[in-house]
Amino acid sequence: MTRFVYIADTHLGATENGYHQQPRYATQLPALLVALDAWIQTQGDIAFVLHGGDMVDQATPTALRTAKEVFQLSVPVYLCLGNHDLTVPDAATLWLTEAPVFFPDQRLTYSLTLPDCVIHVVPTQWCATPFFWEEEQTPHFLEEQCAYLAKALECYPGRRHLLCTHSEVLGVPPEQTGLTEPIHTPLPAFTRMILDLTRTYPQLCGVLSAHNHINTLSVQGNAHLITVSALTETPFEFKVFTVTTTHFSMETVNLLPAVDFQAEYNFDKTYVQGRYPDRAFGE
């Protein structure tokens with residue numbers, strides 16, 4: 001059995017301003033990580049934490065060194081770079097220089113090969129310059145990332161495969177928000193690329209994303225397409241995945257009862273937490 005935690009959008013160094021869905025407490029990230037690690041230690045079988053991107057709010061040497069310090073947990077932490085992690089043209093080199101601990105074998109695109117599953121970490125690209133984001137949001141993969149992923153998905157055919165990338169694959173549906181149209185919908189070309197992968201490789205049973213700071217879940221064929229809300233926004237939620245050769249499940253846990261500071265909540269946007277079918281599943 002493989003059991004791991006999935007978090008995203010911690011935005012180390014941010015203030016309460018900037019993009020957020022629920023009230024943001026980025027300055028409380030160290031305390032939230034202490035609470036998360038305490039929860040992990042009560043479980044006894046969490047193998048690692050996978051961070052789905054935007055670990056920091058701006059990619060500076062100081063921010064990356066701080067991230068390396070505060071994300072020292074009792075289990076390994078792996079990172080899929082998000083757009084806020086790539087705010088300078090040399091971000092790729094900066095991460096591998098200042099915080100290589102988050103990247104196995106010093107690779108930004110990589111796979112975690114586990115007894116029950118294989119997790120492919122493929123950072124979303126946002127513009128014509130690889131591993132850089134300023135304002136443009138044209139999510140895509142590089143040709144070499146596509147080639148790597150196609151080859152990697154053919155390995156270990158008897159195991160479940162998961163893909164982690166920062167950009168969401170689908171918009172948040174009106175059934176969840178109560179609005180008239182989907183929100184936070186990526187470009188159709190990115191959606192088509194990911195859905196084509198799930199159809200071509202039925203062993204790809206999950207796509208873990210972030211970026212919209214909202215809990216969502218959509219089942220497309222054999223694949224569960226998932227986004228997670230921001231760990232530093234009330235009620236400080238994360239996902240827990242359990243994978244075996246015969247079982248695949250997810251639950252959503254929040255750290256609000258474990259924090260020692262007062263946190264506000266916007267009850268006009270409860271759709272951020274999702275309905276029960278958006279928060280858990282089990283096969």
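Placed above this text is the structure.
Okay, so let's go over this structure. The shown structure was predicted, so the numbers you read here are calculated from the model rather than taken from an experiment.

As a further point, take the overall build of the protein chain. Tallying secondary structure elements over the protein chain gives seven helices and twelve strands in all. For the protein chain, the C-alpha radius of gyration of 17 Å lies close to 19 Å, the compact-globule estimate for 283 residues. Overall size of the protein chain, expressed as C-alpha extent along the three principal axes, is 50 × 40 × 40 Å. Burial status across the protein chain gives 59% buried among its 283 residues. Partitioning the intrachain contacts of the protein chain with sequence separation of at least 6 by distance along the chain shows that 71% fall at a separation of at least 24. Averaging the locations of the 14 positively and 30 negatively charged side chains of the protein chain gives two centres separated by 7 Å.

Strands belonging to one sheet form pairs held by backbone hydrogen bonds; the direction of such a pair is parallel or antiparallel. Spatially, six strands are ordered 4-5-6-7-9-8 in an open sheet, and the strand pairing comes out mixed. Two strands bound the open sheet, and with one partner strand each, they are strand 4 (110-113) and strand 8 (216-220). Averaged over all pairs of adjacent strands, the angle between their axes in this sheet comes to 15°, without regard to strand direction. Note that strand 5 (residues 117-121) and strand 6 (residues 160-164) share five bridges and pair parallel.

A few words now on the packing of helix 2 (residues 61-70) against helix 3 (residues 91-98). Viewed as axis vectors pointing N to C, helix 2 and helix 3 meet at an angle of 40°, and their least axial separation amounts to 9 Å. If you check the angle between helix 2 and helix 3, you find them oblique. As for the relative orientation of helix 2 and helix 3, their crossing is right-handed in sense. Side by side, helix 2 and helix 3 meet where Pro 61, Leu 64, Arg 65 and Lys 68 of the first sit next to Leu 94, Trp 95 and Glu 98 of the second.

So, about the layout of surface pockets. A water-sized probe, rolled over the atoms, reveals where empty space remains. As a volume, the largest pocket reaches approximately 300 Å³. Together, 21 residues line the largest pocket, and Tyr 19, Asn 83, Gln 137, His 184 and His 211 are the ones closest to its centre. The residue makeup of the lining of the largest pocket, split by class, is six nonpolar, eleven polar and four charged.

Reading the values: the criteria
- Residues numbered from 1 in each chain as written.
- Predicted model: local features only at pLDDT ≥ 70, side-chain atom pairs only at ≥ 80, totals over all residues.
- Heavy atoms only, no water.
- Helix = DSSP H or I, 4+ residues; strand = E, 2+ residues; numbered from the N terminus.
- Rg over C-alpha atoms; globule rule 2.2 N^0.38 Å.
- Buried < 20%, exposed > 50% of the residue type's maximum accessible area, 1.4 Å probe, protein only.
- Contact = heavy atoms within 4.5 Å.
- Lys, Arg positive; Asp, Glu negative; His and termini not counted.
- Charge placed at Lys NZ, Arg CZ, Asp CG, Glu CD.
- Pairing = 2+ DSSP bridges.
- Axes fitted to C-alpha atoms, helices over the stretch in contact; angles between N-to-C directions.
- Parallel < 35°, antiparallel > 145°, perpendicular 65-115°, else oblique.
- Left-handed = near helix turned anticlockwise from the far one by under 90°.
- 1 Å grid on protein atoms, 1.4 Å probe; cavity = no way out; pocket = protein on both sides within 12 Å on 5 of 7 lines; lining within 4 Å.
- Points joined across faces, edges and corners; volume = space filled by probe spheres on them.
- Nonpolar A, V, L, I, M, F, W, Y, C, P; charged D, E, K, R; others polar.

Spatial relationships are all this shows, so hold off on functional conclusions.
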